[in-house]
Structures are given as C-alpha cells and as structure tokens.
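# An overview of the molecular structure
Below, each chain spelled out in residue letters.
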Amino acid sequence: MSFVEYSEFIRDGDVAIVFLGHDSLMPVKVQSGAQTQTRYGVIRHSTDLIGQRFGSKVTCSKGGWVYVLHPTPELWTVCLPHRTQILYTTDIANITLMLELKPGSVVCESGTGSGSLSHAILRTIAPTGHLHTVEFHAQRAEKAAQEFREHKVSHLVTVKNQDVCKEGFGVTGVADAVFLDIPSPWEAITHAKRALKRKGGRLCSFSPCMEQVQRTCEALLSLGFEELCTMEVLLQTHDVRTVSLPLPDFGPKDGQSETTPNPAPDGTPSAHASVTCRTATPPREIAGHTGYLTFATKPRD
Ligand SMILES: C[S@@+](CC[C@H](N)C(=O)[O-])C[C@H]1O[C@@H](n2cnc3c(N)ncnc32)[C@H](O)[C@@H]1O
C-alpha cells in the first residue's frame, strides 16, 4: 500500500480506511495481532484485514459489518488526525487544477499543517515530482514527516522545520508552483518568487479574510506577479431521498358534485392525495466559507 500507488491486498504495516457509514470513516494502522474497536464490534487485524482485498466487507464481532478501503488523499482528508485547520477536497481540486500540477511537478508548500493538501499534491506529482514543504511548528513538522514515511511517500517530499517568512523554502529556482496557507502570506512572497523556476511558474495563497487577500495581492503586484485572480469555491451537495408532496386541491370541476371526491390510490379522499417521488435536495445546513484562493503567475525572469 502507498498513497500514490494502488495495491490489491492488505499487508501488515499498511494504512486502511474503515468505512462505518457515509459520514464515518476511520483510519487504521494494520498490525499483526492488533485489534480495532468499532461500534459494530472488534476487527482482528491478523484474520480480518491482513491478506484480504482492499474493498472487502468485513464482519465484526457483534455481527455488524464494515468496508475496508484502500487509502486515497480524499479519504485521508476526511479522517486524518487534525493538528490544525485543514484544506478540504473542494478547495484542493481547484488548487491542483489552477496550479497546473502534474506528474513531475516540483512544488513548494507552507505550512504543512496536518498534511491534508500535501497528500493530494504528492499523489498528483508522483512518480517523478517533488514537494518541498515548510512548517515552523517542530512537532507538526515531525508528525508530518512520520506520516509521509508510514504512507510510503517520503521519497517524494522534503519537510523543513523553519519559518517560511524568514528563511523561505530552502530551495532556489526549482519550483513549478508554490502554495501558501499561513496567516501572513504577503511576508513570504519574495521567498516564493525565489523558489520558482527562472522560466516562471504559478502561485496560490489560501486566506480566510479579505484583508489578508488585499495585502497578498499588493505584495504579488509589487514583485512582478501577473494574472492575479482571487476566487472562492463553494460546494453544494444534494441528498437523494424519497419525499411525499401533498397534491393541491382546486375544488370540484364545473358541474361536478362536491360530495364525490376521487379517491387516491390508497383509498384516501383526493383532498388528502399526495405524490411520492425520489428527489435530490440540498441538506438544511451547507458548508460555508473556507477561504479565498488567490492565484498568480510569475513571468519568465
Ligand atoms: C492552516 S495550517 C495548514 C493546513 C494544511 N494546508 C493542510 O491542508 O493540512 C497552517 C500551518 O502553517 C504553519 N505556519 C504558520 N506560519 C508559518 C510560517 N511563517 N512558516 C512556516 N509555517 C507556518 C502553522 O504552524 C500551521 O501548521
């Protein structure tokens, strides 16, 4: 198992994603002899996981069942241990597209945070690209490096524990793209410019507040970046469910008696008739603002 390559069978040392329900996923480090408790009972790694196919339905000790899925960056994003706020797949998809990331791309990122975006970048740039990620919080940097090793992607990434606003990314003229998710991105734009290739490249900065966006855009323009564009991407999901809608009663037809309503198929009078259908509706609560994504291009030197 690796986050950048699919394997068919679950092995000792892998990460598997246990699917308990649509909004309930749990990452599991597979270890011979270990057990994982779920609300459906115990999963015994040696017998229930190791040697089974990813995607298998596993019956737990209480008789309930779960699916055991191969990890992907998208699944990891919805069940990773949070050490910070993280980026979600709606923003990540647009960042990947607008930064023009592809296999072989060299990317600089700061801060690493919980590594949600990092995993998606690594999957996109594998097998020949490289990610230089900078995180000034020592424990977060170390934890991210440990996860990259466990997820078998550490050959694709260098984690540096330093302040990107003071020391930059530690590389010069190598990056095709730079991504910033820090409170004061405008202080890191000179370092981003230095990290990008001489032939130019793309930059993205994620900020929750418009004032941060304004300062970042001023810094980008003053350093010669072009094609500035700020966007917000909002996800609209729909739940598929069966609804029953009452049919309106417009009264008797001309000349018909009011006392003989047509019965509905179930026998109830037409005044109470309803139509039942499968429909897709937005949930009552929807995900709101995450942040503004500011993109820019560094032209050739
Ligand atoms: C919101 S989190 C990043 C989340 C990440 N994009 C993800 O998807 O998991 C911001 C991170 O930037 C780090 N950070 C803030 N300022 C920094 C700086 N000047 N240099 C390096 N890291 C910084 C913080 O410690 C924090 O871990």
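Residues numbered from 1 in each chain as written. Predicted model: local features only at pLDDT ≥ 70, side-chain atom pairs only at ≥ 80, totals over all residues. Heavy atoms only, no water.

As a further point, take the packing of aromatic side chains. Overall, the coordinates contain 3 aromatic pairs when judged by the stated rule. Relative to Trp76, the ring of Phe3 has its centre 5.8 Å away and its plane inclined at 85°; by these criteria the two rings are edge-to-face. Separated by 73 residues along the polypeptide, Phe3 in the segment before strand S1 (15-21) and Trp76 in helix H2 (residues 73-77) bring together distant segments of the chain. Trp76 gets classed as buried once you look at its relative accessible area, which sits at 4%. An aromatic cluster is present here, built from Phe19, Trp65 and Tyr67 joined pairwise through their rings. Sitting over the face of the ring of Trp65, Lys57 holds its NZ or CZ atom 4.2 Å from the ring centroid. (Phe/Tyr/Trp six-rings, centres within 6.5 Å; stacked < 30°, edge-to-face > 60°. Helix = DSSP H or I, 4+ residues; strand = E, 2+ residues; numbered from the N terminus. Buried < 20%, exposed > 50% of the residue type's maximum accessible area, 1.4 Å probe, protein only. Lys NZ or Arg CZ within 6 Å of the ring centre and 35° of its normal.)

For the rest of this paragraph, the subject is the site of the ligand. In the neighbourhood of the ligand, 23 residues make up the surrounding shell, with Glu135, Arg140, Asp163, Val164 and Asp181 lying closest. Note that an oxygen atom of the ligand is positioned 3.2 Å from one of the backbone N or O atoms of Leu87. Leu117 is positioned with one of its backbone polar atoms (N or O) 3.2 Å from an oxygen atom of the ligand. When the ligand is considered free in solution it has 610 Å² of accessible area, and contact with the protein chains removes 91% of it. When residues of the shell around the ligand are traced back to their parent elements, those giving at least two are helix H4 (116-125) and helix H6 (164-167). (Near = heavy atom within 4 Å. Polar contact = N/O pair within 3.5 Å; in protein donor to acceptor, adjacent residues only side chain to side chain. Areas by Shrake-Rupley, 256 points an atom, 1.4 Å probe, with all protein chains shown as cover.)

Right, let's get into the domain arrangement of the chain. For the chain, the assigned domains are domain 1 (9-71) and domain 2 (75-234 + 288-298). Each of domain 1 and domain 2 has a C-alpha centre, and the two are 32 Å apart. Every contact between the two is made by 10 residues of domain 1 and, on the other side, 8 residues of domain 2. Of the roughly 660 Å² buried where domain 1 meets domain 2, counting both sides, 71% is carbon and sulfur surface. Across the domain 1-domain 2 interface, the total number found is 2 salt bridges. (Domains from an automatic or database assignment. Contact = heavy atoms within 4.5 Å. Buried area = accessible area lost by both parts, 1.4 Å probe. Salt bridge = Lys/Arg side-chain N within 4 Å of Asp/Glu carboxyl O.)

This brings us to the pattern of salt bridges. Tallied over the entire structure, the rule returns 11 salt bridges. For Asp14, the salt bridge is made with Lys152, and the minimal N-O distance between the two is 4.0 Å. On the criterion of sequence distance, the pair formed by Asp14 in the segment before S1 and Lys152 in the loop between helix H5 (138-150) and strand S9 (157-160) is long-range, its members being 138 residues apart. On the basis of relative accessible area, Lys152 is assigned to the partly exposed category, the value being 39%. A salt bridge links Asp301 to Lys298; its shortest N-O distance comes to 3.2 Å. For Asp301, a relative accessible area of 58% gives the class exposed. The network of salt bridges with shared partners includes Arg198, Lys298 and Asp301.

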